Amino acid sequence: MTVNVDLPDHIRTRCTELGDGVLYAVKTLARQLADDPRLGERAGRLGLYTATIDSDTFDACPPLIVRYAYGPPLLDVDRIEIRDIEATGPLPDAGDEQAPAAVPDPRMQQIAARQVTEARRRITSWLEQHAPATHAALLPGASTYEIAALEQSLGARVP
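Rules and cut-offs
- Residues numbered from 1 in each chain as written.
- Predicted model: local features only at pLDDT ≥ 70, side-chain atom pairs only at ≥ 80, totals over all residues.
- Heavy atoms only, no water.
- Salt bridge = Lys/Arg side-chain N within 4 Å of Asp/Glu carboxyl O.
- Helix = DSSP H or I, 4+ residues; strand = E, 2+ residues; numbered from the N terminus.
- Buried < 20%, exposed > 50% of the residue type's maximum accessible area, 1.4 Å probe, protein only.
- Expected span 1.5 Å × (residues − 1).
- Contact = heavy atoms within 4.5 Å.
- Phe/Tyr/Trp six-rings, centres within 6.5 Å; stacked < 30°, edge-to-face > 60°.
- Axes fitted to C-alpha atoms, helices over the stretch in contact; angles between N-to-C directions.
- Parallel < 35°, antiparallel > 145°, perpendicular 65-115°, else oblique.
- Nonpolar A, V, L, I, M, F, W, Y, C, P; charged D, E, K, R; others polar.

### Here we look at the pattern of salt bridges
In step 1: Counted by the stated rule, this structure contains seven salt bridges.
In step 2: Taking the shortest distance from any N to any O, the salt bridge between Arg-67 and Asp-84 comes out at 2.6 Å. One end of the pair, Arg-67, is in strand S4 (residues 64-70); the other, Asp-84, is in strand S5 (residues 79-87), and 17 residues separate them in sequence.
In step 3: Residue Arg-67 is classed as partly exposed on the basis of its relative accessible area, which comes to 29%.
In step 4: Taking the relative accessible area as the measure of exposure, Asp-84 reaches 32% and is therefore partly exposed.
In step 5: Residues Arg-67 and Glu-86 are paired through a salt bridge, measuring 2.8 Å at the closest nitrogen-oxygen approach. Here Arg-67, found in strand S4, pairs with Glu-86, found in strand S5; they are 19 residues apart in sequence, far enough to count as distant.
In step 6: When salt bridges with common partners are traced through the structure, they connect Arg-67, Asp-84 and Glu-86 into a single cluster.

Encoded structure:
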């Protein structure tokens, strides 16, 4: 007797979230469950089961626990519905591919610099009026040379 295995849309979406190889692994498990619905272990209540997928078996797939319902009392006799998928280990790396670094837009950098400068001016103006002791304790901003030296020592750009 072959059983119909349902993969609802939310399960397909969850597979996509977990990685490229997950949907393939779950579909493979679904084919196995169609032939042997009691392949998994009973999970407490009658009709609920769990099955595991080993990450060594499928490329780009973390180890998984798949929860499914089979037959009565939850479903018809010849139906299985995969209800939940949970990664039990680390998600696979996307490989050595790295997203290309974003090229900064000079106009956006100018806008950001103006916003920071204006915010500092508003803060110092408020402190001067409402907290003169704190205003007097403020240090001057870093010079362009000091910022360049910091960036050189850090090996990174300071926004």
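### Quick notes on helix H2 (residues 22-35)
In step 1: The end-to-end C-alpha distance of H2 is 20 Å, a good match for the 20 Å that 14 residues give at a rise of 1.5 Å each.
In step 2: Restricting attention to buried positions, one finds in H2 the residues Val-22, Ala-25, Val-26, Thr-28, Leu-29, Ala-30, Leu-33 and Ala-34.
In step 3: Taken together, the buried residues of H2 touch strand S1 (4-6), helix H1 (9-18), strand S3 (48-53), S4 and S5.

### Side note on the packing of aromatic side chains
In step 1: The full count for this structure, using the stated rule, is three aromatic pairs.
In step 2: A centroid spacing of 5.4 Å and a plane angle of 15 degrees characterise the contact between Tyr-49 and Tyr-68, whose relative ring orientation is stacked. Here Tyr-68 lies in strand S4 and Tyr-49 lies in strand S3, a separation of 19 residues in the sequence.
In step 3: On the basis of relative accessibility, which here comes to 1%, the residue Tyr-68 falls in the buried class.
In step 4: Members of the aromatic cluster, each reached through a chain of ring pairs, are Tyr-49, Tyr-68 and Tyr-70.

### A few points about the packing of H1 against H2
In step 1: The N-to-C vectors of H1 and H2 enclose an angle of 135 degrees; their axes lie 7 Å apart at closest approach. As the angle between them shows, H1 and H2 are arranged oblique. Only Val-22, Leu-23, Val-26 and Lys-27 of H2 make contact with H1, whose side of the interface consists of Arg-12, Cys-15 and Leu-18.
In step 2: Its residues assigned to classes, the contact of H1 with H2 comprises five nonpolar, no polar and two charged.

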